[in-house]
Amino acid sequence: MGGGGKNEIKETEAEKAAAEVAMKQWELYQSDLKGFETGFIKRVDNINSAANMADVKESVDLGYSKSYSDARDKTADTMTASGIDPSSSKFKGAMNKLTTEQAVKQGDTVNRAQVGEQDKHVAGLQDVVAIGMGQKAESLAGMGDSASLSLRKATTDAYNDFNQSAAMAQTVGATAGAAASYSLRNAQTPSLNKASVDGRSTVKPVNTYNHMTNPDGTMMA
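Since the structure is predicted, the reported quantities are computational estimates derived from the model, not experimental observations.

The rules behind these values
- Residues numbered from 1 in each chain as written.
- Predicted model: local features only at pLDDT ≥ 70, side-chain atom pairs only at ≥ 80, totals over all residues.
- Heavy atoms only, no water.
- Helix = DSSP H or I, 4+ residues; strand = E, 2+ residues; numbered from the N terminus.
- Buried < 20%, exposed > 50% of the residue type's maximum accessible area, 1.4 Å probe, protein only.
- Contact = heavy atoms within 4.5 Å.
- Areas by Shrake-Rupley, 256 points an atom, 1.4 Å probe, with all protein chains shown as cover.
- Phe/Tyr/Trp six-rings, centres within 6.5 Å; stacked < 30°, edge-to-face > 60°.
- Expected span 1.5 Å × (residues − 1).
- Core = buried A, V, L, I, M, F, W, Y, C linked by side-chain atoms within 4.5 Å.
- Salt bridge = Lys/Arg side-chain N within 4 Å of Asp/Glu carboxyl O.

Caption draft 1: View of the overall build of the protein. A tally of regular secondary structure across the protein gives four helices and two strands. Burial analysis of the protein (221 residues in total) assigns 21% to the buried set. Restricting to contacts in the protein with at least 6 residues of sequence separation, those with at least 24 account for 65%. A total of about 15800 Å² of accessible surface is found on the protein, and carbon and sulfur atoms cover 56% of it.

Caption draft 2: Structural context of the packing of aromatic side chains. By the definition in use, this model includes one aromatic pair. Centre to centre, the rings of Tyr-64 and Tyr-68 are 6.0 Å apart; their planes meet at 10°, and the pair counts as stacked. Of this pair, Tyr-64 and Tyr-68 both sit in helix α2 (residues 50-81), four residues apart, which is roughly one turn of that helix. Take Tyr-68: its relative accessible area is 0%, and that puts it in the buried class.

Caption draft 3: Structural view of helix α3 (residues 89-132). An ideal rise of 1.5 Å per residue puts 64 Å on 44 residues; α3 measures up with 64 Å between its terminal C-alpha atoms. A positive backbone phi angle near 75° is found at Gly-134, which sits one or two residues after α3.

Caption draft 4: Structural detail: the nonpolar core. With 18 residues, the main nonpolar core has Val-60, Tyr-64, Tyr-68, Met-79, Phe-91 and Met-95 as its most contacted residues. Tallying contributions element by element places α2 first for this core, with seven residues. Leave out the neighbours within four places in its chain, and Tyr-64 touches Ser-69, Gln-102, Lys-105, Gln-106, Thr-109, Ser-150, Lys-153, Ala-154 and Asp-157.

Caption draft 5: Inspection of the side chain of Asp-161 at higher detail. Among the secondary structure elements, Asp-161 is positioned in helix α4 (residues 146-188). Since its relative accessible area comes to 3%, Asp-161 is described here as buried. In this structure, Asp-161 is in contact with Tyr-68, Leu-98, Glu-101 and Lys-105, ignoring residues within four places of it in sequence.

Caption draft 6: Broad picture of the environment of Gln-102. In this structure, Gln-102 sits in helix α3. On the basis of relative accessible area, Gln-102 is assigned to the buried category, the value being 11%. In this structure the C-alpha to C-alpha distance between Gln-102 and Asp-157, which are 55 residues apart in sequence, comes to 8.1 Å. For Gln-102, the contacting residues outside a window of four places in its chain are Tyr-64, Ser-65, Tyr-68 and Arg-72.

Caption draft 7: Focus on the pattern of salt bridges. All chains considered together, the criterion is met by eight salt bridges. Put simply, Asp-108 and Arg-112 hold a salt bridge, and the shortest N to O gap is 2.7 Å. Of the two residues, Asp-108 and Arg-112 are both situated in helix α3; the distance of four residues between them amounts to about one turn of the helix. Taking the relative accessible area as the measure of exposure, Asp-108 reaches 31% and is therefore partly exposed. A relative accessible area of 55% places Arg-112 in the exposed class. Residues joined in a network through salt bridges with shared partners are Lys-97, Glu-101, Lys-105 and Asp-161.

Here you go:
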């Protein structure tokens, strides 16, 4: 009877090489890549933090405050140039409307910006999963910057509201100008039933004297 030997399977050279590559990749990950991955995960977590949401709100508030302050200044200049009294209800109404529009649109933009940050957080989590699977992380890179988008919206909103106020001021100014022009024109146009304008007769008197038929009439030289 023949004796049985050990069934030992020797590792091939290709398998040894693959194992060495895998070990080097693991060492590289531990020494360099793990730090980047940990930092990325921390960054993703911070996106949805209360501190970041507060920073987003502050950024939006500052953008709207600056944009609408400029809009109010320009509206005031436009209305004053159109002859609208700063103490009038028309002037104050335009200023109040800008303030109301700012409050409404600013609040809406804050909400949108914070929702955008939450969307970025979700995209970041997707990237974390992709990295763990050895895939390319691209979801977060495709998200827009909330601060830049909010600033552009603040500028656009303030510009549009200023244009509405300016248009109203120009309409009011044109109406007032037309009324003033009409009044001035009427003041300078003499009525035919008035005796004189500027001390001179505007209607030439008629000679009504007749020594036989109207001896009491007016006789002109």
